[in-house]
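Each chain, letter by letter, is given below.
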Amino acid sequence: MRGISRRRAGTVAAIGAVTVLALTACAGNDAGGTEEPELTLSDEPVTLSFTWWGNDTRHAITEELIATFEEEYPNITIEPQYTDWAGYWDKLSTSIAAGDTPDIIQMDEKQLSTYAANGVLADLGGYSSILGTEDFPAAVLGTGALDGTQYGVPVGINSYTIIANQTVLDQYGIDLPDDESWTWDDFVETAEEVTAASGGAVVGSQSWGFEDGGLNNWLRQRGSALYTTDGKVAATEEDLASWWQFLLDATEAGATPDPSATIERESGGLAESFTATNASAFGPWWSNQVQALRDASGQDLVALRVPTLDDAPEGSAYYKPSMFWSASAKTEHPAEVATFLDWLANSEDAADLLLAERGVPANEKIREYVTPKLDDVNQTVVEFLDGLAPLVGDAPPATPPGGGAIETIIDQHTQRVLFGELTPEDAAKSFIDELQTALDDAAI
């Protein structure tokens with residue numbers, strides 16, 4: 001086995017947890033119903049459970065959030081439940097199976113539809129008398145909606161980017177590309193130029209193809225998507241094969257590293273990546289990773305827009321939610337849950353503590369308020385995302401139940417293409433078959 005990244009290890013765990021969840025649902029986990037709950041705050045003390053994943057920094061910040069909220073609402077006590085990403089979904093599914101679903105749930109985009117379909121998540125539209133969402137752009141808010149029902153409030157936004165190492169480019173006398181006009185061919189040509197100018201000491205670009213962000217952009221620029229609105233695989237064999245062929249051609253031209261080096265670095269996580277170690281001039285990343293990359297790199301890293309096709313349709317760019325705030329469909333305290341969610345999403349007090357730790361705020365009013373308080377790096381990320389706004393189209397179709405398997409499936413197929421075990425055409429067919437099987441299995 002060539003290795004598995006920390007993020008993909010969590011993905012594998014999530015798949016197993018969702019299987020348990022689906023079996024639990026089939027055994028009688030009813031949907032929450034469509035009746036709007038009575039939203040009246042209790043005069044008696046109320047305790048709400050709140051679960052999230054994250055590192056020690058996030059845990060500390062979230063506990064500060066809880067303490068601040070409890071000062072403002074002394075009648076409501078928030079019970080924290082947290083773990084790291086790898087253990088989160090197993091723990092959550094176990095709680096649900098035991099009939100102890102947390103009242104407030106930090107939810108991931110790839111899992112939202114699965115938990116909603118199994119009746120775990122509340123319809124937040126029924127909380128609208130308390131929970132305000134008017135300051136969220138429709139394209140962003142829509143990422144948390146399924147068939148018109150709002151199951152999650154986006155916490156932060158980010159977008160897929162190409163991170164450029166300005167220090168490395170300056171060292172070899174190569175101009176920073178114009179990301180408002182560059183194409184995929186321009187990107188590879190510049191990457192080849194870096195590799196040649198450095199004599200191979202620095203590779204042009206870190207490879208891509210190990211998660212669905214880049215693939216989503218590739219498909220949207222071709223007027224397509226990963227999924228249909230009714231939960232099927234929408235990507236065609238032709239579009240998928242072209243994506244892997246493009247990576248293969250770039251690798252053979254020296255624009256990206258040798259496959260063995262790529263896999264070794266990919267399995268090591270962000271800190272060991274070509275970008276973080278200044279071993280490449282470019283790399284595909286999410287915009288909310290700029291701070292961590294700059295901290296690791298110690299050099300001047302710049303977020304660039306993803307290259308495009310000359311004839312890419314309008315609205316091919318998109319915002320991805322960093323995560324959602326969701327609620328249990330079975331909570332006994334919907335008014336208090338709605339009050340806490342509204343405070344998290346709309347309160348300046350919450351924003352002062354969150355800053356950009358969970359991503360650039362999806363709430364535009366809160367983003368405007370908090371931006372002057374951010375450090376220089378995160379202010380440039382806000383500027384990048386705001387500049388991207390005219391190019392952002394509708395939210396992609398939601399990841400269907402079972403779609404959490406996609407990262408593992410993509411990673412395995414990209415490795416096999418790079419090592420010559422599959423042609424891009426064979427990888428495309430196999431990818432569609434495996435992903436559709438995962439979706440079909442989740443629907444049973």
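Residues numbered from 1 in each chain as written. Predicted model: local features only at pLDDT ≥ 70, side-chain atom pairs only at ≥ 80, totals over all residues. Heavy atoms only, no water.

Q: So what's going on with the layout of surface pockets? Residues and values would help.
A: The gaps left among the atoms become clear once a water-sized probe is rolled over them. Each pocket or cavity is described by its volume, and for the second largest pocket that value is around 640 Å³. Residue lining of the second largest pocket: 32 residues in total, with Ala145, Leu146, Pro397, Ala398 and Thr399 positioned closest to the centre. Elements represented by at least two residues in the lining of the second largest pocket include exactly α4 (109–117), β4 (145–146), α8 (212–220) and β12 (320–321). Ranked by residue count, the leading element in the lining of the second largest pocket is α4, at five residues. Class assignment for the residues of the lining of the second largest pocket results in 17 nonpolar, nine polar and six charged. (1 Å grid on protein atoms, 1.4 Å probe; cavity = no way out; pocket = protein on both sides within 12 Å on 5 of 7 lines; lining within 4 Å. Points joined across faces, edges and corners; volume = space filled by probe spheres on them. Helix = DSSP H or I, 4+ residues; strand = E, 2+ residues; numbered from the N terminus. Nonpolar A, V, L, I, M, F, W, Y, C, P; charged D, E, K, R; others polar.)

Q: So what about the packing of helix α2 (residues 56–72) against helix α12 (residues 334–346)? Which residues, and what values?
A: With their axes 11 Å apart at the nearest point, α2 and α12 run at an angle of 120 degrees to one another. As summarised for this structure, α2 and α12 are arranged oblique, according to the angle between their axes. In this structure, α2 crosses over α12, and the sense of that crossing is right-handed. Judged by residue contacts, Leu65, Thr68, Phe69 and Glu72 of α2 engage Thr339, Phe340, Trp343 and Leu344 from α12. (Axes fitted to C-alpha atoms, helices over the stretch in contact; angles between N-to-C directions. Parallel < 35°, antiparallel > 145°, perpendicular 65-115°, else oblique. Left-handed = near helix turned anticlockwise from the far one by under 90°. Contact = heavy atoms within 4.5 Å.)

Q: Explain helix α15 (residues 376–388) to me, using residue names and the numbers behind them.
A: With 13 residues, α15 ought to run about 18 Å at 1.5 Å a step, and its terminal C-alpha atoms sit 19 Å apart, in line with that. The set of residues buried in α15 consists of Val377, Asn378, Val381, Val382, Phe384, Leu385 and Leu388. In an axial view of α15, the angular spread of the buried residues amounts to 160 degrees, which keeps them on one side of the axis. Opposite the buried face of α15, at more than 90 degrees from it, the exposed residues are Asp376 and Glu383. Considering only its buried residues, α15 is in contact with β7 (156–158), β8 (160–165), α11 (290–297), β11 (301–304), β14 (360–361) and α14 (364–370). (Expected span 1.5 Å × (residues − 1). Buried < 20%, exposed > 50% of the residue type's maximum accessible area, 1.4 Å probe, protein only. Arc of directions from axis to C-beta.)

Q: Talk me through the sheet that holds β14; I want residue IDs and the actual numbers.
A: Across the sheet, which stays open at both edges, the three strands sit in the order β12-β7-β14 with antiparallel pairing between neighbours. Only two strands of the sheet have a single neighbouring strand rather than two, namely β12 and β14. Summarising the sheet, β7 and β12 pair through two bridges and their orientation is antiparallel. From the neighbouring strand, Ile157 faces β12, where its bridge partner is Pro321. (Pairing = 2+ DSSP bridges.)

Q: Give me the lowdown on the packing of α8 against helix α9 (residues 237–252), citing residues and values where you can.
A: Where α8 meets α9, the closest approach of the two axes is 10 Å, and the angle between their N-to-C directions is 120 degrees. Here α9 runs oblique to α8, going by the angle between their axes. In this structure, α8 crosses over α9, and the sense of that crossing is right-handed. Contacts from Gly214, Leu215, Trp218 and Leu219 of α8 reach α9 at Asp239, Leu240, Ser242, Trp243 and Phe246. Here the contact of α8 with α9 is built from residues that sort into six nonpolar, two polar and one charged.

Don't take any of this as a statement about function, it's just geometry.
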